[in-house]
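Structural overview
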Amino acid sequence: MLKRPFHRTRPHGRLERRLYPNGGGHQLEWMQVRTPRPRGTVFAPPLVGGDGLLVLRHLRSLRAKGYNLLSFNYAGHGLSSRRFSIRQSFRDTRCLLDVVRRDPIRFAEPHYGVGICYGAIPLLNALHRCGEPFPRIVLINAIPRLFSRNLLHSFWDFRRNLRSESWPAVNLAIPIRRYAEFLLPGITINRSHFGRLALRRMRILQTLVDWLASRQLRAVRLAKTSVLCVYSSDDRLFRAFRYFDAPRDYEAAVRRVCPTAAFIRLQGDHFLSNLQERQQAAKAVAAFFDPDDRPPCA
């Protein structure tokens, strides 16, 4: 492994970053926040267009509870090499999961998982392939599948509502970008970037094929793992999938993969922007990982 110097930074505390050889001269960048005497390690794949540090910031309340936090950068992001695709993000997640399981000294046991939005899909896939090695995982506004015809219907409805401007039918680039910005506000989307992912570092055709196929979780089932799913009722992305058209549609979609899942429904948006909703989610996640809620060791 090639070690990069850690640095102290708020809100991360002690941060370790390393590059792991990923075959063929490539590398996978991962980062871990350590606590002095950890209760365990929380493994959380990143978001597409984001990086591992963003996920660590989202989960900093778990660090305060005494957990080490671990994430990484998919191919095409940060210092991770190769080009991004959906299937490559699955390989990256399995690669680091294998590293975690082989090194319980560096990555303190027990191991838990958190899947946020897209990050839930490679996490669930990797845990299924590895025989469900984690006793508990949490899904936060997790997407059970990547593509649905409802997304197309939702896009055309959105496009019809853009009355202030008009574009030729063959020119869909602008309305698609506007639609993506509507679903995921705050993420920079333009001709060259999706968030922090430069499109030149992405296998665009392969990613499109994988997205349209949307079979990533078809054979995945976590029957033994305890799962807590926290989701928002005011999530534009979920409404685009029309998960809430009938009672408990979203919960049924999650239970097809995680039959034992318990659910907490919040009133917030996709990013849990509301402080009260975010605190409620953090409290529920901490209690799920440790029902006794013991104070962290000093």
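Bear in mind that the values here come from a model prediction, so they are computed numbers and not experimental data. (Residues numbered from 1 in each chain as written. Predicted model: local features only at pLDDT ≥ 70, side-chain atom pairs only at ≥ 80, totals over all residues. Heavy atoms only, no water.)

**Observations regarding the overall build of the chain**
- When its secondary structure is counted, the chain shows 10 helices and 11 strands.
- Taken over 298 residues, the chain has a buried fraction of 51%.
- Across the chain, the fraction of contacts at a sequence separation of at least 24, relative to all contacts at a separation of at least 6, is 70%.
- When the accessible surface of the chain is totalled, it reaches about 15,000 Å², and 52% of it is carbon and sulfur. (Helix = DSSP H or I, 4+ residues; strand = E, 2+ residues; numbered from the N terminus. Buried < 20%, exposed > 50% of the residue type's maximum accessible area, 1.4 Å probe, protein only. Contact = heavy atoms within 4.5 Å. Areas by Shrake-Rupley, 256 points an atom, 1.4 Å probe, with all protein chains shown as cover.)

**Some details on the nonpolar core**
- If you look at the biggest cluster of nonpolar residues, it comprises 85 residues, and the most contacted ones within it are L139 and F289.
- Here this core takes 7 residues from helix α3 (residues 86-102), the largest share from any one element.
- The contact partners of L139, leaving out residues within four places of it in the chain, are G115, A120, L124, V227, L228, C229, V230, V254 and C258. (Core = buried A, V, L, I, M, F, W, Y, C linked by side-chain atoms within 4.5 Å.)

**Topic: a positive patch on the surface**
- Residues R145, R215, R218 and R256 make up a contiguous surface patch of positive charge.
- Within the fold, R145 resides in the loop between β7 (136-140) and α5 (149-160). (Patch = residues over 30% accessible without salt bridge, like charges linked within 9 Å, V, L, I, M, F, W, Y side chains within 5 Å. Salt bridge = Lys/Arg side-chain N within 4 Å of Asp/Glu carboxyl O. Lys, Arg positive; Asp, Glu negative; His and termini not counted. Charge placed at Lys NZ, Arg CZ, Asp CG, Glu CD.)

**Let's talk about the pattern of salt bridges**
- This model, assessed by the stated rule, comprises 11 salt bridges.
- A salt bridge links R106 to E16; the nearest nitrogen and oxygen atoms lie 2.5 Å apart. Linking R106 in the loop between α3 and β6 (111-116) with E16 in strand β2 (residues 13-21), this pair joins segments that are 90 residues apart in sequence. You'll find R106 and E16 in the same group, each marked buried.

**Comments concerning the packing of aromatic side chains**
- The final tally for this structure, using the stated rule, is 23 aromatic pairs.
- Their ring planes at 85° and their centres at 6.4 Å tell us that F43 and F134 sit as a pair that is edge-to-face. Taken as a pair, F43 in strand β4 (residues 41-43) and F134 in the loop between α4 (120-129) and β7 lie far apart in primary sequence, 91 residues in all.
- Of the residues examined, F43 reaches a relative accessible area of 1% and is grouped as buried. (Phe/Tyr/Trp six-rings, centres within 6.5 Å; stacked < 30°, edge-to-face > 60°.)

**Description of unusual backbone geometry**
- Between E109 and the following residue, P110, the backbone shows a cis peptide bond with an omega angle of -5°.
- The backbone phi angle of R82 is positive, close to 65°, even though this residue is not glycine.
- With respect to the element layout, R82 can be found in the loop between β5 (68-72) and α3.
- R82 gets classed as partly exposed once you look at its relative accessible area, which sits at 28%.
- Positive phi outside glycine occurs at C117, with the angle close to 50°.
- By the secondary structure assignment, C117 is in the loop between β6 and α4.
- C117 gets classed as buried once you look at its relative accessible area, which sits at 12%.

**Describing the packing of α3 against α4**
- Put simply, α3 and α4 touch, their axes get as near as 9 Å, and they point 55° apart. With respect to each other, α3 and α4 are oriented oblique. When the axes of α3 and α4 are compared, the crossing they make is right-handed. Between α3 and α4, the contacting residues are S89, F90, T93, R94 and L97 on the first element and I121, P122, L123, N125, A126, L127 and R129 on the second.
- Grouping the constituent residues of the contact of α3 with α4 by class yields 7 nonpolar, 3 polar and 2 charged. (Axes fitted to C-alpha atoms, helices over the stretch in contact; angles between N-to-C directions. Parallel < 35°, antiparallel > 145°, perpendicular 65-115°, else oblique. Left-handed = near helix turned anticlockwise from the far one by under 90°. Nonpolar A, V, L, I, M, F, W, Y, C, P; charged D, E, K, R; others polar.)

**Digging into the environment of G76**
- Relative to the elements of secondary structure, G76 occurs in the loop between β5 and α3.
- When the C-alpha positions of G76 and V48 are compared, they lie 9.7 Å apart, and in sequence the two are 28 residues distant.
- If we ignore the near neighbours within four places in the chain, the residues touching G76 are S81, R82, F84, L197 and R201.

**A few points about the pairing of strand β3 (residues 27-33)**
- With 6 of 7 residues buried, β3 lies mostly within the body of the structure.
- Relative to β5, β3 runs antiparallel, the two being bridged by 4 bridges. Opposite V33, over in β5, you have L69 as the bridge partner. (Pairing = 2+ DSSP bridges.)

**As for the environment of F271**
- Mapped onto the secondary structure, F271 falls in the loop between β11 (262-266) and α10 (275-289).
- In this structure, F271 is in contact with L184, P185 and I187, ignoring residues within four places of it in sequence.

**Here's the deal with a nonpolar patch on the surface**
- Together, L205, L208, V209 and L212 line one region of the surface with nonpolar side chains, adding up to about 380 Å² of accessible area.
- Counting through the fold element by element, V209 comes out in helix α7 (residues 204-213).

In short, geometric facts, not functional conclusions.
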